[in-house]
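Listed below, chain by chain, are the residues.
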Amino acid sequence: MNSDIYFASGVIATRELLSNSKLEEIRNAKDMESLKAVLSDTPYGDLDFERVKSEFFEDLKRLAPQLYDFFFYRYECHDHKIVFRMLDGQLTEEEALSMMFSSNMDTSSEILKNAMENKDVALELIDRYYMEKIYEEYKKTDIVREILEIEADYANTRSYLRLGRIDQRIFIPFGNKIRDLRLTELEENLEKEIREKMDSYPYTYMSIGFEPVFRHFYRKMREMDFVRETYLLRRAGL
């Protein structure tokens, strides 16, 4: 184990994420003014999500560069799905840019070409491409592989419930289909299973090492995405 991971473990041990009660307050904010008030004493108080994301990736480069690709590809995946929606006429370029994490509007990638040729499963194709790419790079790292396998199970189940069948174009090979689960239950069950998997790596003897570092950055990513999504919804009046 790299000694840098020990340093990273010590640094992230001093970091605090938003509490569950604060996340619930954010979720229940009815409009932009209420949301701004709830966020005022958090790192998101100025609503500068670009700054928060930049600080997140700067931390990754400094503390856990071996995890950088895991998170970079996830945001690149999100942006590819936004670009697809723009190419498909669902979003204007201005709307797409406002929703992307990067300003890179490259429309020539092979995965986007494939998505445009299979519009009925375009978003799932993009998800599969990136999940397989990340899995190949991190499959030897237990906690990362296990989280990806959980996410793949739910992605496969979601596509099965949406289409009413297994479509091999989008079925993620390192995941399964979950039985007896309804579409409305997916997100809540996914969150619960990931939380339980993260917590299955004990804090007692794993408080220093790779696992707590990954756990911190993964949870920070989910926090950032949740706050940003809530902000975009409230800004749109939803």
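In short, a report on the structure. Position numbers for residues count from 1 along each chain, tracking the sequence in the order it is written. Side-chain atom pairs in this predicted model are given and counted only at pLDDT of 80 or more, local residue features only at pLDDT of at least 70, and totals for whole chains, interfaces and linings cover all residues. In computing side-chain properties, one takes all heavy atoms of the structure into account and sets aside hydrogens as well as water.

**Overview of the packing of aromatic side chains**
Each aromatic ring pair is summarised here by two numbers: the centre-to-centre distance and the angle between the ring planes.
Here is step 1 of the chain: Between 30 and 60 degrees the pair is tilted, below 30 it is stacked and above 60 it is edge-to-face, where a pair is any two Phe, Tyr or Trp rings, Trp via its six-membered ring, whose centres lie within 6.5 Å. Using the criterion set out here, one finds 20 aromatic pairs in the structure.
Here is step 2 of the chain: Ring plane angle 15 degrees and centroid distance 6.0 Å describe the contact between Y68 and F72, whose orientation is recorded as stacked. In this pair, Y68 and F72 are both assigned in helix α5 (residues 68–87), four residues apart and thus about one turn of the helix distant.
Here is step 3 of the chain: Categorising residues by exposure relies on relative accessible area from a 1.4 Å probe, with only protein chains included: less than 20% of the type maximum marks a residue as buried, more than 50% marks it as exposed, and the intermediate range marks it as partly exposed. Overall, F72 belongs to the partly exposed group, its relative accessible area being 34%.
Here is step 4 of the chain: Ring geometry for Y129 against Y130: centres 5.0 Å apart, planes inclined by 90 degrees, an arrangement best described as edge-to-face.
Here is step 5 of the chain: A cation over a ring is seen here: K177 above Y160, with NZ or CZ 4.3 Å from the ring centre. A run of DSSP states H or I qualifies as a helix once it reaches four residues; a run of E qualifies as a strand once it reaches two. Both are numbered from the N-terminal end. Here, a charge over a ring means that NZ of Lys or CZ of Arg falls within 6 Å of the ring centre while also lying within 35 degrees of the ring normal.

**Here we look at the packing of helix α2 (residues 20–28) against helix α3 (residues 32–39)**
Here is step 1 of the chain: In this analysis an axis means a line fitted to C-alpha atoms, helices contributing only their contacting stretch, and an angle means the value between N-to-C directions, from 0 to 180 degrees. Packing of α2 against α3 leaves a shortest axis separation of 8 Å and a crossing angle of 165 degrees. When the axis of α2 is compared with that of α3, the two are roughly antiparallel. Classified by chirality, the crossing of α3 by α2 is left-handed. Contact with α2, carried on its side by K22, E25 and I26, involves L35, V38 and L39 of α3 and no other residues of that element.
Here is step 2 of the chain: The residue inventory of the contact of α2 with α3, partitioned by class, reads four nonpolar, no polar and two charged. In these notes the angle categories are as follows: under 35 degrees is roughly parallel, over 145 is roughly antiparallel, 65 to 115 is roughly perpendicular, and the rest is oblique. By convention the crossing between two helices is left-handed if the near helix lies anticlockwise of the far one by an angle smaller than a right angle, and right-handed if it lies clockwise. Contacts between residues were defined by any pair of non-hydrogen atoms, one from each residue, lying within 4.5 Å. Ten residues, namely Ala, Val, Leu, Ile, Met, Phe, Trp, Tyr, Cys and Pro, are considered nonpolar, four, namely Asp, Glu, Lys and Arg, are considered charged, and the remaining ones, Gly among them, are considered polar.

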